[in-house]
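Residue-level listing of the chains:
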Amino acid sequence: MAAATASVAPPSTSASSLLLLRRLPPSSSSSPAPAFAARRLGCPAPPPQPRRARGLLLQVALTSEVSSDDVAAEEAAAAPKIGRRVRVTAPLRVHHVVKAPDLDVQGMVGVVKQYVGVWKGKRITANLPFKVEFQIDVEGQPKPVRFFVHLREDEFEFVDE
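Procedures and definitions
Within each chain, residue numbers correspond to sequence positions counted from 1 in written order. Two thresholds apply to this predicted model, a pLDDT of at least 70 for residue-level local features and 80 or more for giving and counting side-chain atom pairs, whereas whole-chain, interface and lining totals are computed over all residues. Excluding hydrogens and water, the side-chain figures rest on all heavy atoms present in the structure. Helical segments are the DSSP runs of H or I of at least four residues, strand segments are the runs of E of at least two, and each set is numbered from the N terminus. Only protein chains enter the accessibility calculation, which uses a 1.4 Å probe; a residue whose area is less than 20% of its type maximum is buried, one above 50% is exposed, and one in between is partly exposed. Contacts are assigned to residue pairs with any non-hydrogen atoms lying within 4.5 Å of each other. Values of accessible area rely on a 1.4 Å probe in the Shrake-Rupley scheme; residue burial ignores everything except the protein chains shown. Here is the rule: rings of Phe, Tyr and Trp (six-membered ring for Trp) pair when centre to centre is within 6.5 Å. Planes less than 30 degrees apart are stacked, more than 60 are edge-to-face, and the remainder are tilted. Two strands are counted as paired when DSSP detects at least two bridges linking them. For this analysis, a polar contact is any N or O atom pair within 3.5 Å, provided that within protein one partner can donate a hydrogen and the other can accept it, and provided that sequence-adjacent residues contribute only side-chain to side-chain pairs.

Attention now moves to the overall build of the chain. Per the secondary structure count, the chain includes 2 helices and 12 strands. Written out in order from the N terminus, the α and β elements of the chain read β-β-α-β-α-β-β-β-β-β-β-β-β-β. A total of 161 residues make up the chain; the buried ones form 24% of that total. Taking the intrachain contacts of the chain between residues at least 6 apart in sequence as the baseline, contacts between residues at least 24 apart amount to 51%. Counting only carbon and sulfur atoms, one obtains 55% of the accessible surface of the chain, whose full area is about 11,900 Å².

Let us now look at the packing of aromatic side chains. Ring pairs (aromatic) are described by centroid distance and by the angle formed between their planes. Summed over the entire model, instances satisfying the criterion amount to 4 aromatic pairs. Seen from their ring centres, Phe156 and Phe158 are 5.6 Å apart, and the 85° between their planes marks the pair as edge-to-face. Residue Phe156 is classed as buried on the basis of its relative accessible area, which comes to 6%. Take Phe158: its relative accessible area is 28%, and that puts it in the partly exposed class.

The next thing to look at is the pairing of strand S10 (residues 130–136). With 5 of 7 residues buried, S10 is to be regarded as a mostly interior element. As judged from the 4 bridges shared by strand S7 (residues 109–115) and S10, these two strands associate in the antiparallel manner. Within S10, the position partnered with Val112 by the bridge is Val132. Both S10 and strand S11 (residues 145–151) contribute to a ladder of 7 bridges, which runs antiparallel. Paired with Lys131 across the two strands is His150, which belongs to S11.

What follows is about the side chain of Glu74. Mapping Glu74 onto the fold places it in helix H2 (residues 68–78). Owing to a relative accessible area of 19%, Glu74 belongs among the buried residues under this scheme. Here Arg123 takes part through its side chain, which lies 2.6 Å from a polar atom of the side chain of Glu74. When residues no more than four places from it in sequence are discounted, the contact partners of Glu74 are Tyr115, Gly117, Val118 and Arg123.

A few words now on unusual backbone geometry. Phi at Asp102 is positive, roughly 55°, even though this residue is not glycine. Residue placement: Asp102 occurs in the loop between strand S5 (93–94) and strand S6 (103–104). Residue Asp102 is classed as partly exposed on the basis of its relative accessible area, which comes to 40%. One non-glycine residue, Lys120, adopts positive backbone phi at about 55°. Tracing the chain through its elements places Lys120 in the loop between strand S8 (118–119) and strand S9 (122–123). Since its relative accessible area comes to 70%, Lys120 is described here as exposed.

Quick look at the structure:
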């Protein structure tokens, strides 16, 4: 049976770590099957291997090493961009708008609604951090269809009002 022990390392200034030490069962190299096969072939049996216990050490970071000042600076840099009108400059097709499938949004003008690179005070790995709202007129619809697209900062430009 494998014995496992876990211990938490003392917290450092930037991140805490979890250390897990697990003892694996001994290797099965000294099983009777090779000795039995060797005796059937008329060969001497191999010497038994000493039993060794192997250990596995795993260290996992529980928190990121980003200070709250960096996150606050990132939020402050993105705050003036929210609410501004933007035009998409990159060739980009979206397929999630049901009323306008395979829609090309290059050249369309929308409004930045949210910056999603920071969530609950922590930086997250958002590949497309700007949430932009667009509206299009579709035949047979009394109101314009609203939809959102997540974009990188290099995929749009700000439109002067």
